Amino acid sequence: GFFDAYEGENQWDAAFLSLLEQEAELEGRYYELMGGIEAEEPEEIYEACFDELAQLLAELVAKRQEIAAHMGYESYVNFAYDFYHYGDYTPGQAMELTKTIQRELVELYREVNAGDYWDPALTECSQNQMIRYVSGCAGEMGGYVEEAFELMRGKDLWDTEPGEYKLNASFEVFLPTYRVPFVFVNPTGTEYDKLTLAHEFGHFAHDFVCGGTYAGTDVSEVLSQGMEYLSLCYSSEDTGDLARMKAADSLCVYVEQAAYAAFEHQLYSLPREELTPENIRSLYEQVGLEFGFDSWDWDSRDFVMMTHYYTEPMYLISYVVSNDTAFQLYQLELAEPGKGLEKYREMLRSQETWFLTFVEDMGMVSPFSR
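Let me sum up the structure you'll find in this document. (Residues numbered from 1 in each chain as written. Predicted model: local features only at pLDDT ≥ 70, side-chain atom pairs only at ≥ 80, totals over all residues. Heavy atoms only, no water.)

Turning our eyes to something else, we now look at the overall build of the protein chain. From N to C terminus, the protein chain includes 14 helices and 3 strands. Taking 21 Å as the expected radius of gyration for a compact globule of 370 residues, we find that the protein chain reaches 21 Å, a close match to that expectation. Long-range contacts, defined as pairs at least 24 residues apart, comprise 73% of the intrachain contacts of the protein chain with a sequence gap of at least 6. With the model as given, the accessible surface of the protein chain reaches about 18100 Å², and the carbon-plus-sulfur share is 48%. Here the protein chain contributes 22 positive and 69 negative side-chain charges, whose respective centroids are spaced 5 Å apart. (Helix = DSSP H or I, 4+ residues; strand = E, 2+ residues; numbered from the N terminus. Rg over C-alpha atoms; globule rule 2.2 N^0.38 Å. Contact = heavy atoms within 4.5 Å. Areas by Shrake-Rupley, 256 points an atom, 1.4 Å probe, with all protein chains shown as cover. Lys, Arg positive; Asp, Glu negative; His and termini not counted. Charge placed at Lys NZ, Arg CZ, Asp CG, Glu CD.)

Spelled out as structure tokens, the structure:
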């Protein structure tokens, strides 16, 4: 029966492949455009190419709507959830979650933005201080976590040097040829670097334990964000201010990423004739105001700076659902020291593809059931 699936109609026909190639060309234009920008300040970037970037997004949305229609889907949102993200929750569930967040958290979000929670982000932190923080946490957590850190440090499986010409990003990748993970961090020189390295080290530890994980995106993000939260409990340093900043950051993840996801869902429901730079900006401004973005130095043009809209459609909701589960680890640890770490060690061994199955197997609460 091996060849049965290859009989009959093949969805990867010439027309479908042609549409994907056209989408890839548009994405390539985005990279070329962003790579050619010499300005550094957002206002300079907007003046230089906002209209072009917004028009490019409109063309991408239209092309993706065409792809979804070709594949028999009523909307690109449903197509992307099925085809790219293999989610076991629906777009409807995701949007209900964003509505709950808007209803329950926006007022608190406004209050936090008016406070001093972000002051630690202004405190200087050297590369060595960043490494000592995560090293100390890993040592206290012990077991596979400590072993993973010793491998990362001992085999120099990281790049944590600050660099003016270095990619302004942080990530972890598994190198299959060598069968080891690798961490890349471009530190900012602030206290937040401690959490950034902890985040990427969480991915590293997951790949280390599994020998290269095949877990779903949402599941993997639980392990990285979970390491951030647990580091606050296992550091020998005074983490009071850092914990306050992380709490504010967690709130921002809920509200801002929910807003970005809600905007994206609505964007892909616009008729083709309404896909104009003006309408896209107007929609983004409307959603931003609904989620309290006017409580900070916000610009209704900043959607063109978000790479996910151009290259990773429908990914943004993953930050919300994974953060919700990772935060539960923190709650477990605070309620009974050692319990969050015990659950985290169990999670490190997971290769689960499906997020809700993972949540249920781990005895956690689904973000969609609150």
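With that settled, consider the pattern of salt bridges. Tallying each qualifying case throughout the model produces 18 salt bridges. Residue R301 pairs with E43 through a salt bridge whose shortest N-O separation is 2.6 Å. In this pair, R301 sits in the loop between α10 (277-290) and α11 (307-311) while E43 sits in helix α2 (residues 42-70), placing the two residues 258 residues apart along the sequence. Residue classification places E43 among the partly exposed residues on the basis of a relative accessible area of 38%. Two residues, R301 and D299, come together in a salt bridge whose shortest N-O distance is 2.8 Å. Taking relative accessible area as the criterion, R301 reaches 14% and is therefore assigned buried. Among the charged side chains, a salt-bridge network with shared partners connects E23, E27 and R64. (Salt bridge = Lys/Arg side-chain N within 4 Å of Asp/Glu carboxyl O. Buried < 20%, exposed > 50% of the residue type's maximum accessible area, 1.4 Å probe, protein only.)

Here we take up the environment of S236. Here S236 is to be found in the loop between α8 (217-234) and α9 (240-267). We classify S236 as exposed; its relative accessible area is 74%. Sequence separation of S236 and G136 is 100 residues, and the distance between their C-alpha atoms is 6.9 Å.

So, about the packing of aromatic side chains. Considering all chains together, one arrives at 30 aromatic pairs under this definition. Consider the rings of F149 and F201, whose centres lie 5.5 Å apart with planes at 85 degrees: the pair is edge-to-face. Of this pair, F149 sits in helix α6 (residues 143-154) while F201 sits in helix α7 (residues 192-210); the two residues are 52 residues apart in sequence, bridging distant segments of the chain. Accessibility assignment for this pair places F149 and F201 in one class, buried. Here a set of aromatic residues connected by ring pairs shows up, and it is made of F50, Y109, Y260, F263, Y284, F293, W296, W298, F303 and Y309. Over the face of the ring belonging to Y229 we find K246, whose NZ or CZ atom lies 4.9 Å from the ring centre. (Phe/Tyr/Trp six-rings, centres within 6.5 Å; stacked < 30°, edge-to-face > 60°. Lys NZ or Arg CZ within 6 Å of the ring centre and 35° of its normal.)

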